[in-house]
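# Structural features, examined
Residue-level listing of the chains:
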Amino acid sequence: MRSHRLLGKVLMAIAIMALLAVACGGSSTEQIREAAVAVATETTPIEPAEDTAAEEPAAAAATAAPQATDAPAPEPTAPPTAAPVVEAAPINLISQGFGQEGQSAAYAFVVENPNAAIGFEDVAYQIAAKDDQGTIIATDSGYITALFPNQSAALAVTLFIDEGNTIATLEVQLSSGEQVATEPIDSFVVEGIQYFQGDFTNSVTGILSSAFARPIDDVRVSAITYDESGAINGGGFTFVNFIPADDRVGVDVSVTSSGPVARVELYPTFSFLSLLGMAGDAPADAQPLELVNYGVGQDEFGASYGFLVRNPNSAYAVESGKYVVTAFDDTGRAIATDSGYMESLAPGQEFGIGGSLFPLIDVPIAQIEVQVLDGSFVESEPVAGSTAENVAYVPGDFMSEETSMIR
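## Points about the sheet that holds strand 5 (residues 152–160)
- What the three strands build is an open sheet, ordered 1-2-5; its pairing is antiparallel. The open sheet has two edge strands, strand 1 (92–101) and strand 5, and neither has a second partner. Strand-to-strand twist of the sheet, defined as the mean angle between neighbouring strand axes without regard to direction, takes the value 15 degrees.
- Both strand 2 (residues 104–112) and strand 5 contribute to a ladder of nine bridges, which runs antiparallel. If you follow Phe109 over to strand 5, its bridge partner there is Leu155.

Quick look at the structure:
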């Protein structure tokens, strides 16, 4: 029965990737390469070859005619041999491990592509978690979307373990994926990695940027924790709404670990949703959403943020826009994040969004950064929206409120 469920998952993933290929047109590597920043290179022009036959037709004709000679016939030449096929070195499984706290568990593994000019796409993996008797108590499977030449990548995944079971060993199996001839591609940059312990959960935060000429949607970020011996002892993952082309966003990943954590790592990777986001382009006359204003407030009970965004287009509504909010302390550490979607902004509409931030450490928020990303542009006439009247701020002992009349 377990093998049937695993087969079903694999077939579903294959179907999704097939639809993705049809929608996007081209392999994962091609799409990612096209999104990379183009680097201008100087090339040496090739001089045209001299056409001696056109200059001396008579000589050429004479040369072509058969000539009598007493010289021996030339020896037959061997046919040219085909260029040798380069055999790709297999993907290396560098390390693997897991962590468990009660029924919550997480596994993680790190892989490496040792090839200098060959990448891999759609690398399938499956894991089996076993107890100390060798009985399989959990299985999982998935795909690594793309693994570029000389690149290391990692995945961390959370699991729910039936009560009374404890993981003792983990087995990871990898497929060979599909080989693609490609040069190395710079992708994401991770800075400022921090590990925070909370009363109910622990998390890893960091700051992400990219080397791409366009925003990258739905980036999957895995956090891996290590013990003092350097062994993986847990992890977790999340999706970042987007990483902008010319700016940064924060990431906050909840992790599950076994025992003390001595070191942490973050690995951003493309998901199949990232590739799907590359399929569409905005109309040539469309303008991006404008961030009008933003701010944050904090007291002993928590922190809240707010921002205003405007659709400057007069002929397009913007649907399914995204935002990411990152809070920093006075040392520049990312200490909390929040994200979400803007369902629809009518032409010319200004819209306000608010939310809460939950840092795991008791430090003041020094500043926030807000990033907004356009969704789909839909032709639309201006629409009269709701208005707020009699807006009032009502302070409270534990929570303050804002009241208004909406028309």
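## Concerning the side chain of Gln371
- Examined against the element boundaries, Gln371 turns out to sit in strand 19 (residues 367–373).
- For Gln371, a relative accessible area of 12% translates into the label buried.
- Within the local environment of Gln371, its side chain forms a polar contact with the side chain of Asp247, the two groups lying 3.2 Å apart.
- Polar contacts involving the side chain of Gln371 include one to the main-chain carbonyl oxygen of Arg248, which spans 3.2 Å.

## Some details on the pattern of salt bridges
- Taken as a whole, this structure holds eight salt bridges when the rule is applied.
- Across the salt bridge formed by Lys130 and Glu171, the nearest N and O atoms sit 2.9 Å from each other. Of this pair, Lys130 sits in strand 3 (residues 118–130) while Glu171 sits in strand 6 (residues 169–174), and the two are 41 residues apart along the sequence.
- Given a relative accessible area of 39%, Glu171 falls into the partly exposed group.
- Ionic pairing is found between Asp218 and Lys322, a salt bridge with its closest N-O pair at 3.2 Å. Pair noted here: Asp218 is in strand 10 (residues 216–226) and Lys322 is in strand 16 (residues 316–328), with a separation of 104 residues, a long-range link. Note on accessibility: Asp218 and Lys322 belong to one class, buried.
- Among the ionic contacts, a cluster of salt bridges with common partners joins Asp217, Asp218 and Lys322.

## With respect to the nonpolar core
- In terms of nonpolar packing, the biggest core is built from 28 residues, with Ile32, Phe212, Ile216, Val221 and Phe270 touching the most fellow members.
- Residue assignment for this core shows that the elements contributing at least two residues are helix 2 (28–35), strand 9 (202–210), strand 10, strand 11 (232–243), strand 12 (249–257) and strand 13 (263–269).
- Setting aside its immediate chain neighbours within four residues, Ile32 contacts Ala146, Phe148, Ile185, Phe212, Phe270, Leu275 and Met278.
- Core analysis: the second largest hydrophobic core is formed by 24 residues, Val123, Ala138, Ile144 and Ile167 among them.

## A look at a nonpolar patch on the surface
- There is a patch of nonpolar side chains on the surface, built from Phe272, Leu273 and Leu276 and spanning about 230 Å² of accessible area.
- You can see Leu273 is positioned in helix 5 (residues 272–277).

## Topic: the packing of aromatic side chains
- Enumeration according to the criterion identifies nine aromatic pairs in this entry.
- With a centroid separation of 5.1 Å and 40 degrees between ring planes, the pair formed by Phe188 and Phe270 is classed as tilted. Separated by 82 residues along the polypeptide, Phe188 in strand 8 (residues 188–197) and Phe270 in the loop between strand 13 and helix 5 bring together distant segments of the chain. Residue Phe188 shares its accessibility class with Phe270, and that shared class is buried.
- Relative to Phe377, the ring of Tyr316 lies with its centre 6.2 Å away and its plane at 85 degrees, an arrangement referred to as edge-to-face. Separated by 61 residues along the polypeptide, Tyr316 in strand 16 and Phe377 in strand 20 (residues 376–379) bring together distant segments of the chain.
- Looking at Tyr316, the relative accessible area reads 10%, which means it is buried.
- In this structure, Arg220 packs its charged tip against the face of Phe237, placed 4.0 Å from the ring centre.

## What to know about unusual backbone geometry
- Positive phi is not limited to glycine here, since Asp122 has a value of about 50 degrees.
- Tracing the backbone shows Asp122 in strand 3.
- One non-glycine residue with positive phi stands out, namely Asn150, at about 60 degrees.
- In this fold, Asn150 is placed in the loop between strand 4 (136–147) and strand 5.

## Structural notes on the pairing of strand 9
- Burial within strand 9 is extensive, with nine of its nine residues counted as buried.
- Taken together, the eight bridges between strand 8 and strand 9 define a ladder with antiparallel strand orientation. If you follow Gln197 over to strand 9, its bridge partner there is Asn202.
- Between strand 8 and the antiparallel strand that follows it, strand 9, lie four residues.
- Alignment of strand 9 against strand 12, held across seven bridges, turns out to be antiparallel. Each residue of the ladder has a partner; that of Val204, found in strand 12, is Val253.

Cut-off values and rules
- Per chain, residues are indexed from 1 in the order of the written sequence.
- Given that this is a predicted model, residues contribute local features only at a pLDDT of at least 70 and side-chain atom pairs are listed and counted only at 80 or more, while totals for whole chains, interfaces and linings are drawn from all residues.
- Derived side-chain values reflect all non-hydrogen atoms in the structure, with water molecules and hydrogen atoms excluded from consideration.
- Only strands joined by at least two bridges in the DSSP assignment are considered to pair.
- Secondary structure is summarised from DSSP: a helix means a run of H or I of at least four residues, a strand means a run of E of at least two, and numbering begins at the N terminus for each.
- Each axis is a line fitted through C-alpha atoms, and for a helix only the stretch in contact is used; angles between axes span 0 to 180 degrees, taken between their N-to-C directions.
- Throughout this description, buried means an accessible area under 20% of the type-specific maximum (1.4 Å probe, protein chains only), exposed means over 50%, and partly exposed covers the range between.
- By the criterion applied in these results, polar contacts are pairs of N or O atoms within 3.5 Å in which, for protein atoms, one can donate a hydrogen and the other can accept it, and in which residues neighboring in sequence qualify only through two side-chain atoms.
- Throughout this description, the term salt bridge denotes a Lys or Arg side-chain nitrogen within 4 Å of a carboxyl oxygen of Asp or Glu.
- Definition of nonpolar core: a set of buried residues of the types Ala, Val, Leu, Ile, Met, Phe, Trp, Tyr and Cys, connected through side-chain atoms within 4.5 Å.
- Two residues qualify as a contact provided that any one of their heavy atoms is within 4.5 Å of a heavy atom in the partner residue.
- Candidates for patches are residues over 30% relative accessible area with no salt bridge; among them, like charges are joined within 9 Å and nonpolar side chains (Val, Leu, Ile, Met, Phe, Trp, Tyr) within 5 Å.
- Under the convention used here, a 1.4 Å probe and the Shrake-Rupley method define accessible areas, while residue burial counts only the protein chains that appear.
- By convention, a stacked pair of Phe, Tyr or Trp rings (six-membered ring in the case of Trp) has centres within 6.5 Å and planes under 30 degrees apart, an edge-to-face pair has planes over 60 apart, and any other such pair is tilted.
- Two thresholds decide whether a charge sits over a ring: the Lys NZ or Arg CZ must be within 6 Å of the ring centre and within 35 degrees of the ring normal.

By themselves these figures say nothing about function.
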